[in-house]
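Descriptive structure summary
Spelled out, the chains give:
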Amino acid sequence: MRLFYTIWRRAALLRAFYFHDPRMDLVPGEHLASDGIDADFRAALEARPGWTRGHVELLERAVILFWERYDDLAARAAEFSAPRLRNIGVIRRSDEIRPYAQILNESSSVLYLDDLDPTRSHPEFAAYLLALQERMCETGEVTLAPIHLAPWWFGRTQAQCDAFTRAAGQATRPDASIARAIAAALPWLRQLRHRTLRPARQRSGHRPIPQTGLLVPRAIENEPVVLLEQIRADASECVRAFHARHRGRPGDATERLRNWLVDDRPPLLVTDAGGQMLWDPERPALTDALLGRLSSCTEGVVGDLHADLVCVADHCRRFRASLRRPDSLPTVDPETEQSGYCFLHRDRQRIAYNLDEAGIERLLGPEVPYARAMLGARTAHEWAHLAVDAGWVPRHVTDTQWASLCQGLTDRLDATVASLPRATRETMDADIAALGGSGATGRSLLEIFERRLPDLQANLLAARYQTDVERETYVRHNIRPLRRDYPPPRRLRMLVRYLFEMQYLRLSEMEDPRTYFLETTWFEADFFETGILDEAGLDALDAAAAELCRAHEVDESHFHSPTAS
């Protein structure tokens, strides 16, 4: 699959979003294609500090090489999926962003600006890094990816391998030692066999690597294990060194935080991993439990924490101030999940910020790009859910009209099931039976969709309080591949999830959000190429789903105006 549109397509430049974080420039998927970077965004990059035309040209050539080669692997080996568009985060200040951080969930690859320096790097190096991260996303494996990607080297010339090796030798990225280990392993990586790409004459003399198609000759059978151990050790050391750089003394930052907590009394809670309260606005002077946790953090880490809490407090206050009758909000559902960027505390009707939230590492280093934007978006979304529970974002159609809309989506889903190709249908038969079997499948899938509608209602209201960057972050964080959540037998459930999440795109400022969705999620491969749907079928399903969503609106009688910042 090749995507050629840089010649004719021009997407609107959302500069405030792409260049939101001074530590990183985001090269967005809507400005990329298999033939490079569109002209408007090329010009925007060339105007950025630190970038030259040579940097941009190296990146563009790397994108083209990545696409050509990964597409070729996918066409000839079942172990590889076709490439998809991803944002590319180009990190300018490597000491301030944790290695291997997920940028915008699973939607972005990461390069460093020095990886694109034409005086020390090479397109062969950057293209391989993009391919490596694509393989990591496909499999969910990080340290195994360089071995899984061994077929990348089968078709390379010695000159191309030498170019990669030279660039790896001069790399300054935090995990450059891994690139150099891969370069040193090229002689034996290129000796591996593959069941379809490079079959072995005699399988008996080779050891297979499960789920890769790779066959390792006996003479080098220990080499993959040695490389894997080295990569694991180097990756761990890379992260450990980053964390070590951000341990120290917080200086005056904790005193500034203490004064703000006491004087401002922000309307939020700070908890720990066990749900214990570290700070409570009802006892604002009791700061020791929180500040004691920050004693080994640097001033920058404490400053990020402070900025997070200011962000949450601002959203909480603006939301509460916008309500005509704030005391009419219901209590929090006791089943409300107590995790995430932030959450509504089930006992206190306040937003809680967990200092130890899994996967965020709030005490170990600076925030990841777009994390605070996501925190702000999530704060607004959590409050909006409570307003939905209060009935303030209701349906505006009659019960008869609603039933008709539901039947419309049900019929479309049943038609999709009825037209499934035989081979595809056979893989799904067990799940179709679990959904009620033929004639009931559409209704069951509709119920799955309906259960997600409170999220849509919350989005309609939350968007009023979110900044442009927060809304865009929220959308791109939620538009992601769902393959690891839904294996092929459950692809009908995946379809319903996608139909719902496509509605998020209406909050985006992207000029062509539909194309962004199709080209960044493997939707085309999973649904069009398998014959489950065609473009017209998706259009019909999307239209029916959108009608259900548009049947809801905010009841303005409960809110002052304006509510947005």
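The preceding data block contains the structure.
Here we summarise the structure given alongside this text. (Residues numbered from 1 in each chain as written. Predicted model: local features only at pLDDT ≥ 70, side-chain atom pairs only at ≥ 80, totals over all residues. Heavy atoms only, no water.)

1. Quick look at the overall build of the chain
To be explicit about the condition: A run of H or I in DSSP becomes a helix once it reaches four residues, and a run of E becomes a strand once it reaches two; helices and strands are each numbered from the N terminus. Note on method: radius of gyration uses C-alpha positions; expected globular size equals 2.2 Å times residues raised to 0.38. The cut-offs for exposure are 20% and 50% of the maximum accessible area for each residue type, with area from a 1.4 Å probe on protein chains only; residues under the lower value are buried, those over the upper are exposed, and the others partly exposed. Contact between two residues is taken to exist if any of their heavy atoms lie within 4.5 Å; hydrogens are not considered. Surface exposure here means Shrake-Rupley accessible area, sampled with a 1.4 Å probe, where a residue is shielded only by the protein chains that are shown. For the purpose of counting charges, residues Lys and Arg are taken to be positive, whereas Asp and Glu are taken to be negative. His and the chain ends are not included. The atoms used to mark charge sites are NZ of Lys, CZ of Arg, CG of Asp and CD of Glu.
Scanning the chain for helices and strands turns up 21 helices and 12 strands. Rg of the C-alpha trace for the chain: 25 Å, near the compact-globule value of 24 Å for 565 residues, within the 12% margin. Along the first, second and third principal axes, the C-alpha set of the chain runs to 75 × 65 × 45 Å. When each of the 565 residues of the chain is scored for burial, the buried share is 58%. Across the chain, every contact between residues at least 6 apart in sequence was considered, and the portion connecting residues at least 24 apart equals 72%. Accessible area for the chain stands at about 23,300 Å²; split by element, carbon and sulfur atoms hold 49% of it. Across the chain, the mean location of the 71 positive side-chain charges is 4 Å away from that of the 82 negative side-chain charges.

2. A short note on helix H14 (residues 422–434)
Applicable threshold: Multiplying 1.5 Å by the residue count of a helix minus one yields the expected span of that helix. Across the chain, bend at a residue is computed as the angle between axes fitted to the seven residues ending at that point and the seven starting from it.
Taking 1.5 Å of rise per residue, the 13 residues of H14 would be expected to cover 18 Å, and the 18 Å separating its terminal C-alpha atoms lies within 8% of that figure. Where H14 bends most, the angle comes to about 55 degrees, and this point is Met428. Regarding H14, the residues found buried are Thr424, Met428, Asp431 and Ile432. In this fold, the buried residues of H14 make contact with helix H13 (399–418), helix H15 (441–451) and helix H18 (491–501). Where H14 ends, the next residue or the one after it, Gly436, has phi of about 115 degrees, a positive value.

3. Some remarks on the pairing of strand E4 (residues 87–91)
Convention followed: A pair of strands is considered paired only if DSSP assigns at least 2 bridges between the two.
For E4, a buried count of five out of five residues is recorded, marking the element as mostly surrounded by other parts of the structure. Note: strand E1 (residues 24–27) against E4, four bridges, orientation antiparallel. Residue Asp25 lies in a different strand from E4, and its bridge partner there is Val90. Judged from the five bridges that link them, E4 and strand E5 (residues 108–112) form a sheet pairing that is parallel. Bridge pairing in E5 links Val90 to Leu111.

4. Topic: unusual backbone geometry
A positive phi angle, close to 65 degrees, is found at Gln211, a residue other than glycine. Counting through the fold element by element, Gln211 comes out in the loop between strand E7 (206–209) and strand E8 (214–217). Residue classification places Gln211 among the exposed positions, given a relative accessible area of 75%. Its identity is not glycine, yet Glu361 carries a phi of approximately 55 degrees, on the positive side. Assignment of secondary structure puts Glu361 in the loop between strand E12 (351–354) and helix H12 (371–389).

5. Describing the pattern of salt bridges
Just so we agree on the cut-off: Only one rule defines a salt bridge in this text: a Lys or Arg side-chain nitrogen within 4 Å of an Asp or Glu carboxyl oxygen.
For the structure shown, the criterion picks out 44 salt bridges. Between Arg293 and Asp356 there is a salt bridge, and its shortest N-O distance comes to 2.6 Å. A residue pair is termed long-range when its members are at least 10 positions apart, and Arg293 in the loop between helix H10 (288–292) and helix H11 (299–322) and Asp356 in the loop between E12 and H12 qualify at 63 residues. Look at Arg293 and you get partly exposed, because its relative accessible area is 31%. Relative accessible area serves as the criterion here: at 26%, Asp356 is assigned to the partly exposed category.

6. Here we look at the packing of helix H9 (residues 253–264) against H11
Let me state the cut-off plainly: In this analysis an axis means a line fitted to C-alpha atoms, helices contributing only their contacting stretch, and an angle means the value between N-to-C directions, from 0 to 180 degrees. Oblique is the label for any angle not under 35 degrees, not over 145, and not in the 65 to 115 range, which are roughly parallel, roughly antiparallel and roughly perpendicular in turn. A crossing counts as left-handed when the near helix is turned anticlockwise from the far one by less than a right angle, and as right-handed when that turn is clockwise. In this classification, Asp, Glu, Lys and Arg are treated as charged, Ala, Val, Leu, Ile, Met, Phe, Trp, Tyr, Cys and Pro as nonpolar, and every other residue, Gly included, as polar.
Packing of H9 against H11 leaves a shortest axis separation of 9 Å and a crossing angle of 20 degrees. It follows from the interaxial angle that H9 and H11 lie roughly parallel. Along this stretch, H9 crosses H11, giving a crossing that reads as left-handed. Contacts between H9 and H11 pair Ala253, Thr254, Arg256, Leu257, Trp260 and Asp264 from the former with Glu299, Val302, Leu305, His306, Leu309, Val310, Ala313 and Arg317 from the latter. Its residues assigned to classes, the contact of H9 with H11 comprises eight nonpolar, two polar and four charged.

7. Examining the layout of surface pockets
How we decide: For cavity detection a 1 Å grid was placed over the protein atoms alone, and a set of points counts as a cavity when a 1.4 Å probe fits there but cannot get out; an open set counts as a pocket when protein lies on both sides within 12 Å along at least five of seven lines, with lining residues being those that have an atom within 4 Å of a point. Grid points are joined across faces, edges and corners, and a volume is the space filled by probe spheres set on the points.
Roughly 600 Å³ of volume is contained in the second largest pocket. Tyr100, Ala101, Gln133, Met136 and Val142 are, among the 34 residues lining the second largest pocket, the residues nearest its centre. The set of elements that each furnish at least two residues to the lining of the second largest pocket consists of E5, helix H4 (123–139), helix H7 (176–189) and helix H8 (223–245). If you tally residues by element for the lining of the second largest pocket, the top one is H4, at six residues. Grouping the amino acids of the lining of the second largest pocket by side-chain chemistry returns 21 nonpolar, six polar and seven charged.

8. A short note on the sheet that holds strand E11 (residues 343–344)
Here four strands make up an open sheet; going across it, the order is E10-E9-E12-E11 and the pairing mixed. The open sheet has two edge strands, strand E10 (277–279) and E11, and neither has a second partner. With two bridges connecting them, strand E9 (residues 268–271) and E10 associate as antiparallel partners. Paired with Val270 across the strands is Trp279, a residue of E10.

9. A few points about empty space enclosed by the protein
Under the defined criterion, the tally for this structure stands at three cavities of 30 Å³ or more. The computed volume of the largest cavity comes to approximately 120 Å³. Around the largest cavity, the lining residues are Leu32, Ala33, Val63, Phe66, Trp67, Arg84, Leu85, Arg86, Ile88, Ser109, Leu130 and Glu134. For the lining of the largest cavity, the secondary-structure elements that each account for two or more residues are strand E2 (32–33), helix H3 (53–76) and H4.

Any functional reading would require information that these geometric values do not contain.
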